[in-house]
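Inside the fold
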Amino acid sequence: MGPIELPLTRRGTKPETERSFTPDPEQAPVEDLREAIWELGREGEWIVQPVPEPYYEARTKYGRMKKIPLQKTWHHKSCGQCGHIPGYSTSIFWLNRLLHYDYFDPRDQTSCTAWNYYASATSNQAAQAAVAMRNFSSAYQTGYYPLIHCGTSFGHYKEVRHELVHDHALRRQVRDILAKLGRPFVMPEELVHYSEWMYAVRDELTARRVYDVSGLTATVHPACHYYKLQSGDAIYDPEIYGGQRTAAVTAVVQALGANVADYSTWYDCCGFGFRHILVQRDFTRSFATLRKIEVMKDEANPDVVLTHDTGCVTSLDKSQFAAQAHNRNVGVPVMSESQFAAIALGAHPYRVAQLHWHSTDYKPFLSKMGIDVESAWAEFQEDLKKLESGAMEYLTWEAVL
Amino acid sequence: MPSQLYQEVPLAEKERLFQLVKSDARFDSYLYGCYECGICVAACPSARFYDFSPRKITQTLAREDVELFYEQLNDDVWNCSQCFSCLRCPRQNSPGGLITIMREVAVNNGLKTTQEALAGYTRIIYKIMTTGTQVSPDMLQEDAFPDWGPQVKEVAANLELWRRALPPETLHTTGLSWDVEERTMHELYMIWKLTGVMDMITALDEGLHDIMEEIMEDALEDSGLTID
Ligand code: SF4
Ligand code: SF4
């Protein structure tokens, strides 16, 4: 079947209706778990770790307010990010340092293991919950508050929290496991994704912007596991898409001054597939390029695609190479909004944003932002020479801030 | 139409597996019925590329059609992307969640089609279960990802150097996504053992189980952590 011409008009993030919708938390179709979490805490079922002050209050899908910690954050890293797109997490840390925010980057942390669970199902409810609670316990013991880098970890932990609140047999089972590990049983008051932290500090970021990004157009891919799993606990803002889609990523990019363009397949996933990206990539490549990148190119022709999850960056970026060989309409760089923001605030594109780990050509995007790409690469090559000769053991924070 | 496939498998066995799915603690909150509206199918990436339908999965489970259930358990569930776009369901079903449960049952019962679907994936299971991080930087090799182009080769060639060119102190690793403490890994092994995950691995791939068991036993012996 050939493509169907749809009457699309190019638009940004303003809804086509003048009507405004104000969500009423009392009418929410899903329950607010937080009171139950505190209640279970009062009953001695677990320790509730409160969000440290000062915090930012953000509106979620059904109008409830969510506390976003600004400081004292414990960074729950993501295996895909740290392994293959390390500029994603490096940029988050760099922004914390730039804002002089205290944070902790732990070694006593495993991944949520949900990539494997959603790929192979070689796990179960109790194991997945125990992994989550072990990590929460570790955060609590450091005195820092979990800030989750990965969209899947965030979504999966929300599922786990829902199950633990509702299933007392599961809760007891997991509590006993934690006791065997010699660990306290702790549930954080809120589960917070890093892109919510970015949203909370967007005005501070904008105040420190170094490059003018107003000439740049971005398309945003909202990560499925961020807002589809336990949907009531994702950030929505009446100013962004009329409050009808999550404001994560888009609100930050707009605050920084870039143009966010809409495209018709925004709700589609990236094609990651968990198992597919590793062993059945024909599906991933096809979906990522035909349903996402090509549609973005056709309808919005963006300079960059921005998202807030490990898997999405990987699928949308890496899938383009093969599609290019077939002369498809692809070829747009993909990164997290943390990398985009860091670069706009003066972070080095290689030392901090680590763009050399990405596949699709990002140089035109950097040039358009006003960055001298060749000089930046030459500076990074100098670093590598020093590392190779032993003059420098590692690239340090002191060298990049 | 009743399924004509897998006629050699006794109905009682299909019924047994169906009951395992139905008795999962999550089942009742993942299935409330089905309007047959197809909204889940419209949102489903896998339905676009495979002969696959989340509506059919939900319908089959709601009707308790064990013959069709068994067919889907073998031929459909591994097509799902686990994106959960189907949570758009106006009946509040979670077709993707039902598929997660079906997959768990398929793994636990060592279905041949499951072993085939996960062949080639077992090295990933090994990595995540023994280290706590999945798909480490050194797994990004050209032979594993030829379709990702020459950039993968560049990463592999410069890996050690590029990892040292990362400012966060935890990221100077090549065999792990970040530096995970030994004690942390030992606690993870305890979790797998205490929750029956190691038994699931036996059902999937005995050889893989034995290799991991040996690593975990040796590590736990010196850790001071005990199962009982
Ligand atoms: S979770 Fe599975 S069934 Fe649901 S929309 Fe995604 S691919 Fe389709
Ligand atoms: S969206 Fe829900 S009710 Fe509609 S067909 Fe799918 S499972 Fe059935």
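Here, residues in each chain are numbered from 1, in the same order as that chain's written sequence. Going through the entries in the order they are written, you letter the chains from A and number the ligands from 1. With pLDDT at 70 or above as the cut-off, local features in this predicted model cover only qualifying residues; side-chain atom pairs require 80 or more to be listed or tallied, and sums for whole chains, interfaces and linings still use all residues. Here the side-chain values reflect all heavy atoms present in the structure, with hydrogen atoms and water set aside.

All names here are of chain A. What fixes the domain bounds is an automatic or database domain assignment. Along its sequence, chain A is carved into domain 1 (33-194) and domain 2 (209-378). With centres defined by C-alpha atoms, the gap from domain 1 to domain 2 works out at 25 Å. Throughout, a residue-residue contact means that at least one pair of heavy atoms, one from each residue, lies within 4.5 Å. Residue-level contacts link 39 residues of domain 1 with 36 residues of domain 2. Throughout, buried area stands for the accessible area (probe radius 1.4 Å) lost by two parts on being put together, summed over both. For the pair domain 1 and domain 2, the two sides together bury roughly 3200 Å², of which 63% comes from carbon and sulfur. Of all residues in domain 1, Lys61, Trp94 and Trp115 bury the most surface against domain 2, accounting for 18% of the area lost on that side. A side-chain nitrogen of Lys or Arg and a carboxyl oxygen of Asp or Glu constitute a salt bridge if their distance falls within 4 Å. Applying the counting criterion to the domain 1 and domain 2 interface returns two salt bridges. Between Lys66 and Asp233 there is a salt bridge, with the nearest N and O atoms lying 2.9 Å from each other.

Let's shift gears to the pattern of salt bridges. Tallied over the full model, the rule gives 39 salt bridges over all chains. For Glu160(B), the salt bridge goes to Arg164(B), with nearest N and O atoms at 3.2 Å. With Glu160(B) and Arg164(B) both in helix α10 (residues 150-164), this residue pair falls four residues apart, about one helical turn. Here the salt bridges do not stand alone but share partners, grouping Asp108(A), Arg134(A), Arg183(A), Arg183(B) and Glu187(B) into one network. The numbering of helices and of strands both runs from the N terminus, where a helix is a DSSP run of H or I of at least 4 residues and a strand a run of E of at least 2.

Residue and element names in this part refer to chain B. If you check helix α1 (residues 11-22), its first and last C-alpha atoms are 16 Å apart, about what twelve residues at 1.5 Å a residue would give, namely 16 Å. Burial classes follow relative accessibility: with a 1.4 Å probe on protein chains only, a residue under 20% of its type's maximum area counts as buried, one over 50% as exposed, and anything between as partly exposed. Within the sequence span of α1, burial applies to Lys14, Leu17, Phe18 and Val21. In an axial view of α1, the angular spread of the buried residues amounts to 105°, which keeps them on one side of the axis. Multiplying 1.5 Å by the helix residue count minus one yields the expected span of that helix. Directions pointing from the helix axis toward each C-beta atom define the arc.

Residue and element names in this part refer to chain A. Within the secondary structure, His149 sits in the loop between β6 (145-148) and α6 (151-166). The spatial distance from the C-alpha of His149 to the C-alpha of Ala251 is 18 Å, given a sequence separation of 102 residues. Each polar contact in these results corresponds to two N or O atoms within 3.5 Å; when the atoms are within protein, one needs to be able to donate a hydrogen and the other to accept it, and residues that are neighboring in sequence are counted only if both atoms are side-chain atoms. Of the polar contacts made by the side chain of His149, one reaches the side chain of His75; its length is 2.8 Å.

Residues and elements named next belong to chain A. Whether two strands pair comes down to DSSP finding at least two bridges between them. In space, the three strands of this open sheet follow the order β5-β4-β6, with parallel pairing throughout. In this open sheet, the two edge strands, each paired with only one partner strand, are β5 (103-104) and β6. With four bridges joining them, strand β4 (residues 73-76) and β6 adopt parallel strand pairing. Along β6, the bridge assignment pairs Trp74 with Pro146. Sitting on the sheet, helix α3 (residues 87-98) touches β4 and β5, and the angle it makes with β4 is about 165°. Comment: axis = line fitted to C-alpha atoms, over the contacting stretch for helices; angle = value between 0 and 180 degrees taken between N-to-C directions.

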